[in-house]
Amino acid sequence: MSQADAVAFVDRPAVARRFARAAVDYAQHDFLAREIDRRMLERLDYVRLQPQRILDLGCSRGGSFPGLLERYPQARLLGVDIARPMLTAARPARSGWRRWLGLDGAAPDCLQAAAESLPLAGASVSLVWSNLLLHWLDHPLPALAEAHRVLEVGGLLMFSTLGPDTLRELRSAFADGYAHTQRFTDMHDLGDMLVESGYADPVMDMEVLTLTYDDIDALFAELRGAGSACAMHARRHGLTGKGRLQAVREAYERMRSAGRLPASFEVIYGHAWKAAPKKTADGRAIIRFERGGRP
């Protein structure tokens, strides 16, 4: 990772605080996350996998739990999130580690942890599932590499995140030099990161979903309710003046179509497999000999 990549762009404490505040009413504002979750689950129709252990990375209130457990009823499911109130809302507190390791009971377990530093053993999960997490991180690469570490050989990473065209209308309306959305990573760069992290057969695709609103205040309210307001260090930290906010409203109004204001979301989907290593940890090549049958 370059020195530029190591710069802290995202105010991670602000991310945790906002999702913590949003936890109680999150289910009223997570329409987009649930729709993307549904589309991710459909992609599993084309994957041959029977995971024994599933890690939901950035699970929030556990909105993906029902769909994953319905598809894989025999799997053990662990949800990880940075915001403890989200985990508390996902399910009651319990001895997660004992149940995770001891396999006693089928209910999902929840664990507070950062995606870049998981307190899990290597090769301990069969499927890493992550819906709309990566754009909340300074850089996706450490989290992708950590997911690769905890995946077993033959395991699958499946994720979604938001791309650079997300909320382009909002950025255009402000145009004041401050950050008003997260720093989104291009789909092709994410594909390169998967290869760099050691994944095999990465598949990437993208679609743009457009939500519409009565007015800009409705958009702001939904972003706040979903914990999705901008959390970049480069955001404006003081109050926006009335004159400036009025100019933003007028600029956004010029984008009104069919009586509604549009908000674009570029949704990126990716999946890749963990293949058997070709080198040892110290860099020596691994050569595998296959025993042939007798003629």
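Since we're looking at a predicted model, the values are computed, not measured. (Residues numbered from 1 in each chain as written. Predicted model: local features only at pLDDT ≥ 70, side-chain atom pairs only at ≥ 80, totals over all residues. Heavy atoms only, no water.)

A closer look at the environment of glutamate 266
And then number 1: Looking at the secondary structure, you find glutamate 266 in strand E7 (residues 261-274).
And then number 2: Considered as a pair, glutamate 266 and threonine 161 are 105 residues apart in the sequence and their alpha carbons are 8.4 Å apart.
And then number 3: Every residue in contact with glutamate 266, bar those within four places of it in the chain, is listed here: Thr161, Leu162, Gly163, Pro164, Asp165, Thr166, Met206, Glu207 and Val208. (Helix = DSSP H or I, 4+ residues; strand = E, 2+ residues; numbered from the N terminus. Contact = heavy atoms within 4.5 Å.)

Remarks on the pairing of strand E5 (residues 151-162)
And then number 1: Buried residues dominate E5, accounting for nine of its 12 residues.
And then number 2: Here six bridges tie strand E4 (residues 125-131) to E5, and the two strands are oriented parallel to one another. Bridge assignment links valine 125 to a residue of E5, and that residue is leucine 151.
And then number 3: Crossover handedness for the path E4 to helix H6 (residues 140-150) to E5: right-handed.
And then number 4: With seven bridges joining them, E5 and E7 adopt antiparallel strand pairing. Looking at E7, one finds that serine 160 is bridged to tyrosine 269. (Buried < 20%, exposed > 50% of the residue type's maximum accessible area, 1.4 Å probe, protein only. Pairing = 2+ DSSP bridges. Right-handed = clockwise from strand over helix to strand, strands pointing away.)

Description of the layout of surface pockets
And then number 1: Counted as a void, the largest pocket has a volume near 700 Å³.
And then number 2: Arg18, Phe220, Arg224, Ala229 and Cys230 are, among the 21 residues lining the largest pocket, the residues nearest its centre.
And then number 3: Top element by residues in the lining of the largest pocket is helix H9 (residues 216-225). It accounts for four residues.
And then number 4: By residue class, the composition of the lining of the largest pocket is nine nonpolar, five polar and seven charged. (1 Å grid on protein atoms, 1.4 Å probe; cavity = no way out; pocket = protein on both sides within 12 Å on 5 of 7 lines; lining within 4 Å. Points joined across faces, edges and corners; volume = space filled by probe spheres on them. Nonpolar A, V, L, I, M, F, W, Y, C, P; charged D, E, K, R; others polar.)

Notes on H6
And then number 1: Within H6, eight of the 11 residues are buried, which leaves it mostly tucked inside the rest of the structure.
And then number 2: When we look at burial in H6, the residues that qualify are Pro140, Leu141, Ala143, Leu144, Glu146, Ala147, His148 and Val150.

Let's talk about empty space enclosed by the protein
And then number 1: Under the counting rule described, the total for this entry stands at four cavities of 30 Å³ or more.
And then number 2: Counted as a void, the largest cavity has a volume near 640 Å³.
And then number 3: Lining the largest cavity are 44 residues; nearest its centre among them are Phe19, Leu132, His135, Trp136 and Ser228.
And then number 4: Contributing elements (two or more residues each) for the lining of the largest cavity: helix H1 (12-22), helix H2 (31-43), strand E1 (53-57), strand E2 (76-81), strand E6 (199-213) and H9.
And then number 5: Taken together, the residues of the lining of the largest cavity sort by class into 26 nonpolar, 12 polar and six charged.

Some details on the side chain of glutamate 146
And then number 1: Within the secondary structure, glutamate 146 is located in helix H6.
And then number 2: Here the side chain of glutamate 146 touches leucine 118 through a polar contact of 2.8 Å, landing on its backbone nitrogen.
And then number 3: Discounting residues that sit within four places of it in the chain, glutamate 146 has contacts with Ala115, Glu116, Ser117 and Leu118. (Polar contact = N/O pair within 3.5 Å; in protein donor to acceptor, adjacent residues only side chain to side chain.)

Points about unusual backbone geometry
Glycine aside, residues mostly have negative phi, and peptide bonds are mostly found in the trans state.
And then number 1: If you check the backbone angles, alanine 123 has positive phi at about 55° while not being a glycine.
And then number 2: Tracing the backbone through its elements, the reader meets alanine 123 in the loop between strand E3 (109-112) and E4.
And then number 3: Residue alanine 123 is classed as partly exposed on the basis of its relative accessible area of 44%.
And then number 4: Of note in the backbone geometry, leucine 132 takes a positive phi value of approximately 60° without being a glycine.
And then number 5: Take leucine 132: it is sitting in the loop between E4 and H6.

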